[in-house]
Amino acid sequence: MGHGLDPDGLTPLMDMVLGFLYLSLPTPPVSTSSSLSAADDVTGDDRISLLPDDLLRAVVSRLPAKDGARTALLSSRWRRIWLSAPLVLVDAHLLPPAAGGGESGRRRPPRAGAASRAVADAVTRVLDSHPGPFPFVSLTCCFIDNDADHLAVAARWLDRLAAAGVEELVLVNRPYPIPGVRLPAELFRCGSSLRRLYIGAWELPDTAAIAVAAEFPNLKDLVLGCVVMMDPHGRDIPLLLAASPVLETLSVFGILNTLRVRLSSSSLRCAQFCLSLTEEVAVVDAPRLERLFLWSNLRDTRVRIGHAPQLRMLGYLQPGVHVLEIGNTIIKERTKVNPRTIVPAVNMLALHLRFGVWNEVKMLPSFLRCFPNVETLCVESSEGPESTNKIGVKFWQKDGLIECVQSHLKMIVFREFQGEQSEVSFLKYIAENARVLEKMVIVMKIGRYSAPMELVAKMRGLESAKWASGGNKLGFLLSRLRSGGTAWGLKAGMDLSYDDPFMCL
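None of the values given here were measured: they were computed from a predicted structure.

1. Examining the packing of helix 6 (residues 114–129) against helix 7 (residues 148–164)
A pair of packed helices can be characterised by two numbers: the angle between their axes and the separation between those axes.
No. 1: Relative orientation of the contacting elements helix 6 and helix 7 amounts to 30°, with a least axis distance of 11 Å. With respect to each other, helix 6 and helix 7 are oriented roughly parallel. Helix 6 and helix 7 meet at a crossing whose hand is left-handed. Where helix 6 approaches helix 7, its residues Ala120, Val123, Thr124, Leu127 and Asp128 are matched on the opposing element by Val153, Arg156, Trp157, Arg160 and Leu161.

2. Overview of the sheet that holds strand 14 (residues 329–330)
No. 1: The 5 strands lie next to each other as 7-9-11-13-14, forming an open sheet whose pairing is mixed. In this open sheet, the two strands that pair with only one neighbour each are strand 7 (259–264) and strand 14.
No. 2: When strand 7 meets strand 9 (residues 278–285), the two strands line up parallel, connected through 6 bridges. Within the sheet, the bridge partner assigned to Leu263 lies in strand 9 and is Val283.

3. Focus on the pattern of salt bridges
No. 1: Scanning the entire structure with this criterion turns up 19 salt bridges.
No. 2: Across the pair Asp53 and Arg77 runs a salt bridge, and its minimum N-O distance is 2.7 Å. Taken together, the residues Asp53 in helix 2 (residues 53–60) and Arg77 in helix 4 (residues 76–84) connect sequence positions 24 residues apart.
No. 3: Residue Asp53 is classed as partly exposed on the basis of its relative accessible area, which comes to 32%.
No. 4: Three or more residues joined by partner-sharing salt bridges are found here, namely Glu248, Arg269, Glu290, Arg312 and Asp499.

4. A word on the packing of aromatic side chains
No. 1: For the structure shown, the criterion picks out 14 aromatic pairs.
No. 2: Ring plane angle 45° and centroid distance 6.1 Å describe the contact between Trp295 and Trp488, whose orientation is recorded as tilted. Here Trp295 is found in strand 10 (residues 291–295), whereas its partner Trp488 is found in the loop between strand 19 (474–478) and helix 16 (490–494), with 193 residues between them in sequence. The same class applies to Trp295 and to Trp488, which are both buried.
No. 3: Plain terms: the ring middles of Tyr316 and Phe502 are 5.3 Å apart, the flat faces sit at 75° to each other, and that makes the pair edge-to-face.

5. Focus on a nonpolar patch on the surface
No. 1: A contiguous nonpolar patch, built from Leu13, Met16, Leu256 and Leu298 and spanning about 300 Å² of accessible area, is present on the exposed surface.
No. 2: Here Leu256 is to be found in the loop between strand 6 (249–253) and strand 7.
No. 3: For Leu256, a relative accessible area of 35% gives the class partly exposed.

6. Quick look at unusual backbone geometry
No. 1: Residue Gly132 is joined to Pro133 through a cis peptide bond whose omega torsion reads 5°.
No. 2: Residue placement: Pro133 occurs in the loop between helix 6 and strand 2 (136–139).
No. 3: The omega angle of the peptide bond from Gly315 to Tyr316 is -15°, so this bond is cis rather than trans.
No. 4: One can find Tyr316 in strand 12 (residues 313–317).
No. 5: Residues other than glycine seldom take positive phi values, yet Leu275 does so here, at roughly 50°.
No. 6: For Leu275, the position within the fold is in the loop between strand 8 (270–274) and strand 9.

7. With respect to the confidence of the model for the chain
No. 1: Taken as a whole, the chain shows an average pLDDT of 85; of its residues, 89% reach a score of 70 or greater.
No. 2: For the stretch residues 99–106, pLDDT sits under 50, and the model shows 7 contacts to residues farther than four places along the chain or on other chains.

8. Focus on the pairing of strand 12
No. 1: Of all 5 residues in strand 12, 5 are buried, a share of seventy percent or more.
No. 2: Here 3 bridges tie strand 10 to strand 12, and the two strands are oriented parallel to one another. Pairing of Arg291 across the sheet is with Met313, part of strand 12.
No. 3: Across 3 bridges, strand 12 lies against strand 15 (residues 348–353) in parallel orientation.

9. Examining the pairing of strand 18 (residues 439–444)
No. 1: Counting buried positions along strand 18 yields 5 of 6 residues, so the element is predominantly enclosed.
No. 2: Bridging between strand 17 (residues 411–417) and strand 18 involves 5 bridges; their strand directions are parallel. Bridge pairing in strand 18 links Ile412 to Met440.
No. 3: Considered for its hand, the β-α-β crossover made up of strand 17, helix 14 (residues 421–433) and strand 18 is right-handed.
No. 4: The pairing of strand 18 with strand 19 spans 5 bridges and is classified as parallel. Residue Met440 lies in a different strand from strand 19, and its bridge partner there is Leu474.

10. Overview of the packing of helix 2 against helix 4
No. 1: The N-to-C vectors of helix 2 and helix 4 enclose an angle of 65°; their axes lie 9 Å apart at closest approach. In terms of crossing hand, the pair formed by helix 2 and helix 4 is right-handed. Contacts between helix 2 and helix 4 involve Asp53, Leu56, Arg57 and Val60 from the former and Arg77, Trp78, Ile81, Trp82 and Ser84 from the latter.
No. 2: Residue composition of the contact of helix 2 with helix 4, by class: 5 nonpolar, 1 polar and 3 charged.

11. Focus on the side chain of Thr124
No. 1: Inspection of the secondary structure puts Thr124 in helix 6.
No. 2: Setting aside chain neighbours within four positions, we find Thr124 in contact with Val153, Arg156 and Trp157.

12. Considerations on the environment of Gly356
No. 1: Relative to the helices and strands, Gly356 resides in the loop between strand 15 and helix 10 (358–361).
No. 2: Put simply, Gly356 and Gln421 are 65 residues apart on the chain and 9.1 Å apart in space, counted from C-alpha to C-alpha.

13. Some details on helix 1 (residues 12–24)
No. 1: Spanning 13 residues, helix 1 covers 18 Å between terminal C-alpha atoms, matching the ideal 18 Å at 1.5 Å per step.
No. 2: For helix 1, the full list of buried residues reads Met14, Val17, Leu18, Phe20, Leu21 and Ser24. Looking straight down helix 1, one finds that the buried residues subtend no more than 155° of arc, so they occupy a single side. Projecting away from the buried face of helix 1 at angles above 90 degrees are the exposed residues Pro12 and Leu23.

14. Remarks on the state of the cysteines
No. 1: Scanning all chains against the criterion turns up 0 disulfides.
No. 2: Free cysteine Cys274: the closest other cysteine sulfur is in Cys226, separated by 9.9 Å.

15. Side note on the environment of Asp285
No. 1: Tracing the sequence through the fold places Asp285 in strand 9.
No. 2: Those residues in contact with Asp285 that lie beyond four places of it in its chain are Leu263, Ser264, Ser265 and His307.

Criteria and thresholds
- Along each chain, the written sequence defines residue order, and numbers are assigned to residues from 1.
- Thresholds applied to this predicted model are a pLDDT of at least 70 for local features of residues and 80 or more for the giving and counting of side-chain atom pairs; totals over whole chains, interfaces and linings are not thresholded and use all residues.
- The basis for the side-chain values is all heavy atoms of the structure; hydrogens and waters are excluded.
- Where helices are involved, their axes are fitted lines through C-alpha atoms of the stretch in contact, as for all axes, and angles between N-to-C directions lie from 0 to 180°.
- Helix numbers and strand numbers start at the N terminus; a helix is a DSSP run of H or I with at least 4 residues, a strand a run of E with at least 2.
- Throughout this description, any angle smaller than 35 degrees is read as roughly parallel, any larger than 145 degrees as roughly antiparallel, any in the 65 to 115 degree range as roughly perpendicular, and the remainder as oblique.
- Should the near helix be turned anticlockwise from the far one by less than a right angle, the crossing is left-handed, and should it be turned clockwise, the crossing is right-handed.
- Contacts between residues were defined by any pair of non-hydrogen atoms, one from each residue, lying within 4.5 Å.
- We call two strands paired when DSSP finds no fewer than two bridges between them.
- Basic side-chain nitrogens of Lys or Arg form a salt bridge, by our definition, when they fall within 4 Å of a carboxyl oxygen of Asp or Glu.
- Partly exposed describes any residue whose relative accessible area lies between the buried limit of under 20% and the exposed limit of over 50%, with all areas from a 1.4 Å probe on protein chains only and scaled to the type maximum.
- Note on aromatic pairs: the rings of Phe, Tyr and Trp (six-membered ring only in Trp) are paired at centre separations within 6.5 Å, and the planes decide the class, stacked below 30 degrees, edge-to-face beyond 60, tilted for the rest.
- Only residues whose relative accessible area exceeds 30% and that take part in no salt bridge are eligible for patches, with like-charged residues grouped when within 9 Å of each other and nonpolar side chains (Val, Leu, Ile, Met, Phe, Trp, Tyr) grouped when within 5 Å.
- For the area figures, the Shrake-Rupley method with a 1.4 Å probe applies, and any residue is considered shielded solely by the protein chains shown.
- For every residue, the predictor states its confidence as a pLDDT score lying anywhere from 0 to 100.
- Crossovers are described as right-handed under a simple rule: with the strands pointing away from the observer, the path leading from the first strand over the helix to the second runs clockwise.
- Lys, Arg, Asp and Glu make up the charged group, whereas Ala, Val, Leu, Ile, Met, Phe, Trp, Tyr, Cys and Pro make up the nonpolar group; the residues left over, Gly among them, are polar.
- Multiplying 1.5 Å by the residue count of a helix minus one yields the expected span of that helix.
- An arc is given here, and it is the one of the directions from the helix axis to the C-beta atoms.
- Counting rule for disulfides: a pair of cysteine sulfur atoms within 2.5 Å.

See below:
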């Protein structure tokens, strides 16, 4: 509405996907909430101007572009400082008052697109007046359509940023509709300096153009959100990986045409796929891959794990929904494990399961046997269309031991507990067989239970179980998740210094 656009044009799915996109964007390294005064409060002396030029440049580089430009009005010295300081450009900081917030921000501009045009003009002025460098640039409010003049302006910006050596670039186009506005090929000329790249709400150029132009020798992080990939053979992501020899994190979400992914990269450490029409994710050859995350994809997905000797974190697998293939073996009910059907490096595993659906529950033991060294297990439960309440503890034991439960499991977090007997049976099996278990946390779903006393009785049965680890390890929390939400987040997954993306520890 702030841009004069009609929010009723968004479908619920697109609203969710775009919300996910904007939440995933990086926080700019400047603040709009602080103020800068050159005068001492008591004496009125200008002490800031007494500082050396290098320190003043460091100060100006931490200001929003609009505030940094204002310092150039103070004197010729300040103008030289502004022109020589690295500039952080965030177009959201340039929004006119009618679109930027406050009481006036609640009103729709008089003309659709007026705010976007004003911001685009301001971005052009900044890029024309400052020589750079531009360490961080975020363009999320200049909505480009297929108008030739609009595309020419966007191409000119990207040429300018390439020349100035932009290091971190966020390029998110108009929110809706997405298909039909092709990303300017000039983006791929920025590759020599880019370290982080976020692309949102664009259509990728054809694969041949990417293959010729793309070269990202320093790119560490790549995020593709609400992006249209037109190549039917799924070559876009492999080509981007091939053009990024030091890429460490890849996040892909909101892809609403069929997505097939083959991961072959000697540098990739984290790959994330969610809210997309993902048909297949195949880890072909990824010797440094540590994290693989899939969440809420919009169709049944085949997950193939080939060469990934360092894969430590994996989620959210959905037994009975995802087709899991390890090596050349498709994991089925009662698949016998052998060295070719296990992923031994995984020590943190997250599963999404509807315990009321038999076809999902019956696959759970087979999935768990494929990951014999899991120490932390996160289970997200959800309500299913069926009810399977006849599953007791014996079901989990009938096919023999589950290695990770018996010998390695230290923590289990069971989220969105529905109160079904099949859930209780599974948790009781864990309690009575996990010999090194240190903690079991059950996160209760608010508003789910119509008979609280019956639920209390079930929990008492679990508390009185014969705990294999030598004592009750049970704890309870109340869920804070909205319906359909998850504890995992894209930013947490990408942060390789953060060792708990599933919020377990």
